[in-house]
Amino acid sequence: MIEKRQRKSIRLKEFDYSQPGEYFVTICTKNHNCIFGSIVSGKMDLNDRGKIVDRCWKGILEHFSNVELDEYVVMPNHIHGILILNESVVGTRHAVSLPERFGRPVSDSVSTIVRSFKSAVTKRINEMHLTGDAQFWQPRYYDRIIRSENELQNIRDYIANNVVTWAFDKENPEDVPLFLQSEK
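All of the points below concern the structure found in this document. Computed from a predicted model, the values in this text were never measured in an experiment. (Residues numbered from 1 in each chain as written. Predicted model: local features only at pLDDT ≥ 70, side-chain atom pairs only at ≥ 80, totals over all residues. Heavy atoms only, no water.)

Some points on the pattern of salt bridges
And then number 1: Per the stated rule, a full pass over the model turns up four salt bridges.
And then number 2: A salt bridge links lysine 58 to aspartate 54, with the shortest nitrogen-to-oxygen separation between them at 3.1 Å. With lysine 58 and aspartate 54 both in helix α1 (residues 48-63), this residue pair falls four residues apart, about one helical turn.
And then number 3: Look at lysine 58 and you get partly exposed, because its relative accessible area is 44%.
And then number 4: Judged by relative accessible area, aspartate 54 falls into the buried class, the value being 16%.
And then number 5: A salt bridge links lysine 123 to glutamate 127; the shortest N-O distance between them is 4.0 Å. Here the residue lysine 123 and the residue glutamate 127 both occupy positions in helix α2 (residues 110-129), the gap between them amounting to four residues, near one helical turn. (Salt bridge = Lys/Arg side-chain N within 4 Å of Asp/Glu carboxyl O. Helix = DSSP H or I, 4+ residues; strand = E, 2+ residues; numbered from the N terminus. Buried < 20%, exposed > 50% of the residue type's maximum accessible area, 1.4 Å probe, protein only.)

Next comes the structure, spelled out in structure tokens:
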């Protein structure tokens, strides 16, 4: 019998990711492929896939009543964003931390929101490009629980400056500083 490997969780143990707070998330494309557009003259130029990502990110508000969106940016091969979770208006809060497990999602949690977002983007891109069930995302995503106003402002600044720092990003396939890039 073939034994399945268990992926180690990168989430903070015993933390309830559905509790109110501010969360910084980064979601990368599969193999870090640059499929959402390109940086042209220091600005992100979204292609049709990138525009879908942008619309779906904004669409989170339509599907999760306890969420506010803060600073975000769609980049050629990833998205950075800040999710603010407020007290849920439906039901009651969990008395005990509820860890998410495969097949047992926690309602209104960061991982449920990210999973829904990734699914919506994948579905819309596949419908637009008739690509069947192609996958565009890495299976995991990065998150950070924001713990202070100072940290929140630093992350906002990081997101706002991400297009400028793309020239120095190891995932930038052109690996050419912006001031040396010509318009495409």
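What follows continues from the structure just given.
Structural notes on the nonpolar core
And then number 1: Counting residues in each nonpolar core, the largest one holds 28 residues, and the members touching the most others are Leu83, Val110 and Phe117.
And then number 2: Of all the elements in the fold, those that place two or more residues in this core are β1 (21-28), α1, β4 (67-74), β5 (78-85) and α2.
And then number 3: The element best represented in this core is α2, accounting for seven residues.
And then number 4: Among residues more than four places away in sequence, those in contact with phenylalanine 117 are Ile27, Val53, Cys56, Trp57, Ile60, Ile79 and Trp137.
And then number 5: In terms of nonpolar packing, the next biggest core, distinct from the first, is built from 13 residues, Phe24, Met44, Ile82 and Ile146 among them. (Core = buried A, V, L, I, M, F, W, Y, C linked by side-chain atoms within 4.5 Å. Contact = heavy atoms within 4.5 Å.)

Some points on the environment of valine 53
And then number 1: Structurally, valine 53 can be placed in helix α1.
And then number 2: Given the relative accessible area of 0%, valine 53 is considered buried.
And then number 3: Linking valine 53 and phenylalanine 36, residues 17 residues apart in sequence, is a C-alpha distance of 7.8 Å.
And then number 4: With residues up to four places along the chain from it excluded, the contact list for valine 53 reads Phe36, Val74, Ile79, Phe117, Val121 and Trp137.

Concerning the sheet that holds β4
Sheets are built from strands paired through backbone hydrogen bonds, the pairs being either parallel or antiparallel.
And then number 1: Spatial ordering of the open sheet is given by β4-β5-β1-β6, a layout of four strands whose pairing is antiparallel. Either end of the sheet is taken by a strand with one partner, and the two such strands are β4 and β6 (142-146). Each neighbouring strand pair of the sheet contributes to a mean axis angle of 15°, computed without reference to strand direction.
And then number 2: Where α1 meets the sheet, its contacts fall on β1, β4 and β5, and the angle it forms with β4 comes to roughly 165°.
And then number 3: Along the sheet, α2 makes contact with β1, β4 and β5, crossing β1 at roughly 35°. (Pairing = 2+ DSSP bridges. Axes fitted to C-alpha atoms, helices over the stretch in contact; angles between N-to-C directions.)

With respect to α1
Because each turn of an α-helix spans 3.6 residues, side chains separated by three or four positions in sequence point in the same direction.
And then number 1: Here α1 is 16 residues long and its end C-alpha atoms lie 22 Å apart, about the 22 Å a rise of 1.5 Å per residue gives.
And then number 2: The sharpest bend along α1 reaches about 30° and sits at tryptophan 57.
And then number 3: Those residues of α1 not exposed but buried are Gly50, Ile52, Val53, Asp54, Cys56, Trp57, Gly59 and Ile60.
And then number 4: In the core, the buried residues of α1 are packed alongside β1, β3 (43-46), β4, β5 and α2.
And then number 5: N-capping of α1 is provided by asparagine 47, with a side-chain oxygen placed 3.0 Å from the backbone N of arginine 49. (Expected span 1.5 Å × (residues − 1). Bend = angle between axes of the 7 residues up to and from the residue. Polar contact = N/O pair within 3.5 Å; in protein donor to acceptor, adjacent residues only side chain to side chain.)

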